[in-house]
Amino acid sequence: MVGYDPEAKCVSKAEAAAAGSASGLVTRVLVSPLDVLKIRFQLQIEQLSSRNPTAKYHSILQAVQCIFREEGLTAFWKGHVPAQFLSIGFGAVQFMAFESLTELVHTATSFNTRDSFVHLVCGGLAACTATVAVQPVDTLRTRFAAQGEPKIYPNLRHAVVTMYQTEGPRTFYRGLTPTLVAIFPYAGLQFFFYNILQKFSKWVIPAEGKNGGNVKNLVCGSCAGVVSKTLTYPLDVVKKRLQVSGFEDARAAFGQVRTYGGLLDCMRQIMREEGPGGFFKGLSPSLLKAAFSTGLIFFWYELFCSFLCTLKSPESTRRKE
């Protein structure tokens, strides 16, 4: 179902965008706590260890208890409004672009649109297109998830106005370079491994029921998310560090803060002060999030597309008549 298939195509580009938006919305609600944990870990300068007395967060369980005790249950959904705009917009643009690109490959080239490498390239390009479209919202989401109490930004409107007035319009695109560098292989590998795993599952289990197909989509998406996230994670850490530049006051309560002059300077400072392990801070909650979010994104997208196809089937039309 994911990608253009001339033999079984029954979802338009607009419907693909709608299915992508819906899948992003549902998934974001479920994985938001893991996203907050990941961002807190990524932004912490100190080593993530109980042996370091200056470190605020030591482990996933300790971080959950600490955030819940200090900020309450709603802290795990901090930045949820901009995050939802991010998920809905990203899902819509990504899947619509992916369907369009794979259709273009089918009509303009001799490549097979079901080929894994076609999905790798088209998935990466589709994600880059979606990233440019929603990067300002991603920056806002990171700021909200990163701030503690008392809040610097009480609401979304205040954040937008304050950031624009004090830091200028370019602040909404901080971290765009490492984001694009990371998102192409990350999203491309997601579609690549999802395609491979789907083919492998059909070979292993040639006959399956409808419910089995839904579970298969979830498992294949989860595995694809874990592999692609592990391979591209360091650039995600760099992106988050750059996105909170100029936001040092709100970060003071969490430990040390740093100012970075750009992508290369950020990478040099992390390597010098935190070592290679600094590029993998927050990997555990990030992998959990990647497994859940990627699995659920493909699961819900396939499910919504199947539902739309069912509504347009001749049997459904006859029942309505």
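Quick caveat, the model's predicted, so the values are computed rather than measured. (Residues numbered from 1 in each chain as written. Predicted model: local features only at pLDDT ≥ 70, side-chain atom pairs only at ≥ 80, totals over all residues. Heavy atoms only, no water.)

A closer look at the overall build of the protein
Helices and strands together make up the secondary structure of the protein, namely eleven helices and zero strands. Taking as baseline every contact in the protein between residues at least 6 positions apart, the subset at least 24 positions apart corresponds to 79%. Surface accessibility of the protein: about 15,000 Å² in total, with carbon and sulfur atoms responsible for 66%. (Helix = DSSP H or I, 4+ residues; strand = E, 2+ residues; numbered from the N terminus. Contact = heavy atoms within 4.5 Å. Areas by Shrake-Rupley, 256 points an atom, 1.4 Å probe, with all protein chains shown as cover.)

A few points about the packing of aromatic side chains
Remark: the centre distance and the inter-plane angle together describe each pair of aromatic rings, the angle taken between the planes. With the rule as written, the count across this model stands at twelve aromatic pairs. Ring plane angle 25° and centroid distance 5.8 Å describe the contact between W300 and F304, whose orientation is recorded as stacked. Placement of both W300 and F304 in helix α10 (residues 283-312) is noted, with a separation of four residues, approximately one turn of the helix. Among the aromatic residues, those joined into a cluster by ring pairs are F95, F98, F191, Y194, F298 and Y301. For the cation-ring pair, K229 lies above Y186, with the distance from its terminal atom to the ring centre recorded as 4.5 Å. (Phe/Tyr/Trp six-rings, centres within 6.5 Å; stacked < 30°, edge-to-face > 60°. Lys NZ or Arg CZ within 6 Å of the ring centre and 35° of its normal.)

Side note on helix α2 (residues 60-71)
Here α2 spans 16 Å end to end across twelve residues, near enough to the 16 Å set by a 1.5 Å rise per residue. Inspection of α2 places Q62, A63, C66, I67 and E71 among the buried residues, and these make up the whole buried set. Projected onto a plane normal to the axis of α2, the buried residues spread over an arc of 125° and lie on a single side. More than 90 degrees from the buried face of α2, the exposed residues found are L61 and R69. Buried residues in α2 make contact with α1 (13-43). (Expected span 1.5 Å × (residues − 1). Buried < 20%, exposed > 50% of the residue type's maximum accessible area, 1.4 Å probe, protein only. Arc of directions from axis to C-beta.)

Remarks on the UniProt feature "transmembrane region" (unreviewed entry) in the protein
Residues annotated in UniProt with the feature "transmembrane region" (unreviewed entry) correspond here to residues 290-311. Secondary structure content for residues 290-311 is 100% helix and 0% strand, and the end C-alpha separation is 31 Å. (UniProt positions renumbered as here; feature names shortened; annotations may be inferred.)

Thoughts on the nonpolar core
Grouped together as the largest cluster of nonpolar side chains are 20 residues, with contacts concentrated most on V2, F95, F98, F191, Y194, F298 and Y301. Of all the elements in the fold, those that place two or more residues in this core are α1, α3 (80-108), α4 (116-146), α6 (176-204), α7 (210-243) and α10. When residues in this core are grouped by element, the largest group, five residues, is from α10. Excluding residues within four positions of it along the chain, F298 makes contact with V2, F95, Q190, F191, Y194, N217 and G221. Formed by ten residues, the second largest nonpolar core is a distinct cluster that contains A130, Y186, A187 and A290. (Core = buried A, V, L, I, M, F, W, Y, C linked by side-chain atoms within 4.5 Å.)

What about the packing of α3 against α4?
The interhelical angle for the contact between α3 and α4, taken along N-to-C directions, is 165°, at an axis separation of 8 Å. Relative to α4, the element α3 is oriented roughly antiparallel. Handedness of the α3/α4 crossing: right-handed. (Axes fitted to C-alpha atoms, helices over the stretch in contact; angles between N-to-C directions. Parallel < 35°, antiparallel > 145°, perpendicular 65-115°, else oblique. Left-handed = near helix turned anticlockwise from the far one by under 90°.)

Details of the side chain of R28
If you trace the backbone, R28 turns up in helix α1. There is a polar contact of 2.7 Å between the side chain of R28 and the side chain of S87. Not counting residues within four places of it along the chain, the set of residues in contact with R28 comprises D35, H80, A83, Q84, L86, S87 and R141. (Polar contact = N/O pair within 3.5 Å; in protein donor to acceptor, adjacent residues only side chain to side chain.)

Comments concerning the side chain of S87
Topologically, S87 is positioned in helix α3. Setting aside anything within four residues of it in sequence, one finds S87 in contact with G24 and R28.

Concerning the pattern of salt bridges
Where charged atoms from two side chains of opposite charge come close, those side chains can pair. Evaluation of the coordinates by the stated rule reveals 16 salt bridges. A salt bridge links R28 to D35, with the shortest nitrogen-to-oxygen separation between them at 3.0 Å. The partner of K240 in a salt bridge is D236, and the shortest N-O contact between them spans 3.4 Å. With a gap of four residues between them, K240 and D236 both fall in helix α7, about one helical turn apart. Both residues of the pair, K240 and D236, belong to the buried class. (Salt bridge = Lys/Arg side-chain N within 4 Å of Asp/Glu carboxyl O.)

Some remarks on α1
Three- or four-residue spacings in an α-helix give side chains the same orientation, since the helix completes a turn every 3.6 residues. An ideal rise of 1.5 Å per residue puts 45 Å on 31 residues; α1 reaches only 38 Å between its terminal C-alpha atoms. Taken as a whole, α1 carries its principal kink of about 60° at V31; the proline P33 stands between one and four residues after it. Most of α1 is tucked away, with 22 of its 31 residues classed as buried. (Bend = angle between axes of the 7 residues up to and from the residue.)

Description of the environment of L308
Locating L308 in the fold gives a position in helix α10. Sequence spacing of L308 and E15 is 293 residues, and the spatial spacing of their C-alpha atoms is 7.8 Å.

With respect to a nonpolar patch on the surface
Together, L25, V29, L30, F68, L73, W77 and I88 make up a nonpolar patch on the protein surface, roughly 620 Å² of accessible area in all. At three residues, the largest contribution of residues to the nonpolar patch is made by α1. Tracing the backbone shows F68 in helix α2. (Patch = residues over 30% accessible without salt bridge, like charges linked within 9 Å, V, L, I, M, F, W, Y side chains within 5 Å.)

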